[in-house]
Amino acid sequence: MPIQFTTDGSPGYRRLALWQDIVCDVFVGLDCKSDLGSAFRGSVTQATLGKAVCSDVCSDRQHVFRTPSRIARSDQDFVLIALGNRGDGGVVQDGRETVIHPGEFALYDTTRPYELKFNGSFTQTIFKVPREMLQRRLGGTETLTAISFGTDAPLERLAYDFIFRLCQSADRLAPNNSAALSEQAVDLLAMALSERLGKTPLPSSTHRSALLYRLKAHIRAHLADPDLSLAETAAALGISPRYVNDLLADEETSFQRHVLAERLAQCRRDLASPMLAHRHISEIAFAWGFNDLSHFGRVFREHFGMSPRDFRQGQLRH
């Protein structure tokens, strides 16, 4: 069953303070204000989903702040994806402001200040993921925050529906399924965000970041292809191979090292999955673009300190 937090049953004069404690425990350190005083009501249900956390928030009108002082006192490094269910909610971050209507979603990053504005009662589903999960797929979030998604584009609609339905079922899923599905949800989210960035004209100051998002999305979409190459990837993005490596140099890597790291991460995930225990190690390696089993075993050991077989046995014993 999901964990539930609520102001119900609390004395009126304590409700807003209790609500601030609740949202700080469930999400990150925040300051909450509301003019409703003792009439204020709010509740949150929460369930873990692999490395992610799904929450349903139902509350009265309020104004929420993630301040520099709050950020300085914490090491909470998350991206929150807010899916509108009922009522409207404003998001302000990185010099932009948007309104999330029902059926839309927007994201905000806990490492930078933001504001949330709710002028009436509302219900939202919040999908909280470690920032590294999204950053690994796309890069930084600075050009993605406080933008509404999910209105017309099919991928955005699909991402909304998948994440929303997944969160509704999160407390009933087996742990190994939860981990795999949370990764798939972030994959789909990254695809939707990358597609939007590819179609939307961006200021020149953010063009480099947008290209990095598209580059990483292309690589992830073609990891299973053993012929994935620097030249083909550059051509698909309409840039030079040298520029591809220049973009990845911002993260102290190169095309070949990034592709290898992504393939190894996918293999590691599959080797740890009880649902894939019937698949041979070679099948998993070849499915993610490796074409030489001895090379796969060598680089896996270099990265993770043990052979693929030993890693799998250790994971499946737990």
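How each quantity is defined
- Residues numbered from 1 in each chain as written.
- Predicted model: local features only at pLDDT ≥ 70, side-chain atom pairs only at ≥ 80, totals over all residues.
- Heavy atoms only, no water.
- Buried < 20%, exposed > 50% of the residue type's maximum accessible area, 1.4 Å probe, protein only.
- Helix = DSSP H or I, 4+ residues; strand = E, 2+ residues; numbered from the N terminus.
- Phe/Tyr/Trp six-rings, centres within 6.5 Å; stacked < 30°, edge-to-face > 60°.
- Lys NZ or Arg CZ within 6 Å of the ring centre and 35° of its normal.
- Pairing = 2+ DSSP bridges.
- Axes fitted to C-alpha atoms, helices over the stretch in contact; angles between N-to-C directions.
- Core = buried A, V, L, I, M, F, W, Y, C linked by side-chain atoms within 4.5 Å.
- Contact = heavy atoms within 4.5 Å.
- 1 Å grid on protein atoms, 1.4 Å probe; cavity = no way out; pocket = protein on both sides within 12 Å on 5 of 7 lines; lining within 4 Å.
- Points joined across faces, edges and corners; volume = space filled by probe spheres on them.

- Labelled according to an unreviewed UniProt entry, the protein appears under the name Helix-turn-helix domain-containing protein, originating from Bradyrhizobium niftali.

## Some words on helix α3 (residues 131–138)
Part 1 of the reasoning: Summarising burial for α3: six of the eight residues are buried, a large majority.
Part 2 of the reasoning: Trailing α3 by a residue or two, Gly-139 shows a phi angle of about 105°, which is positive.

## Overview of the packing of aromatic side chains
Aromatic rings in a pair are described by how distant their centres are and how their planes are angled relative to each other.
Part 1 of the reasoning: Taken as a whole and assessed by the stated rule, the structure comprises nine aromatic pairs.
Part 2 of the reasoning: Judged by centre distance (3.7 Å) and plane angle (10°), the rings of Phe-118 and Phe-122 are stacked. Summarising the burial analysis for this pair, Phe-118 and Phe-122 share the class buried.
Part 3 of the reasoning: Between Tyr-160 and Phe-164, the aromatic rings sit 6.1 Å apart at their centres with planes inclined by 10°, giving stacked as the arrangement. Taken as a pair, Tyr-160 and Phe-164 lie in helix α4 (residues 154–169) at a separation of four residues, close to a single helical turn.
Part 4 of the reasoning: Judged by its relative accessible area of 26%, Phe-164 is partly exposed.
Part 5 of the reasoning: By the ring-pair criterion, three or more aromatic residues cluster together here, those being Phe-290, Phe-296, Phe-300, Phe-304 and Phe-311.
Part 6 of the reasoning: Here the basic side chain of Lys-128 rests over the ring of Phe-78, its NZ or CZ set 4.5 Å away from the ring centre.
Part 7 of the reasoning: Residue placement shows Arg-268 over the ring face of Phe-304; its charged tip is 5.2 Å from the ring centre.

## Some words on the sheet that holds strand β5 (residues 62–66)
Part 1 of the reasoning: Read from one edge to the other, the open sheet built from five strands follows the order β2-β5-β10-β7-β8, with strand pairing classed as antiparallel. The strands lining the two open edges of the sheet, one partner per strand, are β2 (31–33) and β8 (96–100). Each adjacent strand pair in this sheet contributes to an overall mean axis angle of 15°, direction not counted.
Part 2 of the reasoning: Relative to β5, β2 is paired through three bridges, and the arrangement is antiparallel.

## Re the nonpolar core
Part 1 of the reasoning: Membership of the largest hydrophobic core comes to 31 residues, with the highest contact counts inside it found for Ile-81, Phe-105, Phe-127, Val-129, Leu-134 and Leu-193.
Part 2 of the reasoning: The dominant element in this core, judged by the number of residues it contributes, is helix α5 (residues 175–199), at eight residues.
Part 3 of the reasoning: The residues contacting Leu-134, other than those within four sequence positions of it, are Val-79, Leu-107, Gly-139, Thr-141, Val-186, Leu-189, Ala-190 and Leu-193.
Part 4 of the reasoning: Val-244, Ala-285, Phe-290 and Val-299 belong to the second largest nonpolar core, which has 26 residues in total.

## Looking at the pairing of strand β4 (residues 52–59)
Part 1 of the reasoning: When you tally the buried positions in β4, you get six out of eight residues, the bulk of the element.
Part 2 of the reasoning: Direction of pairing for strand β3 (residues 42–49) relative to β4: antiparallel, over a ladder of eight bridges. Its bridge partner being in β4, Gly-42 is matched across the sheet by Ser-59.
Part 3 of the reasoning: Where β3 folds back onto β4 in an antiparallel hairpin, the turn is made up of two residues, including Gly-50, whose phi is positive at roughly 65°.
Part 4 of the reasoning: Relative to strand β11 (residues 122–130), β4 runs antiparallel, the two being bridged by seven bridges. Residue Ser-55 lies in a different strand from β11, and its bridge partner there is Ile-126.

## Some words on empty space enclosed by the protein
Part 1 of the reasoning: This model, assessed by the stated rule, comprises one cavity of 30 Å³ or more.
Part 2 of the reasoning: Its boundaries defined by the atoms lining it, the largest cavity holds a volume of some 160 Å³.
Part 3 of the reasoning: Lining the largest cavity we find 16 residues, and of these Phe-27, Val-57, Tyr-108, Leu-116 and Phe-118 sit closest to its centre.
Part 4 of the reasoning: Counting residues per element, the ones that place at least two in the lining of the largest cavity are α1 (15–26), β5, β10 (114–118) and β11.

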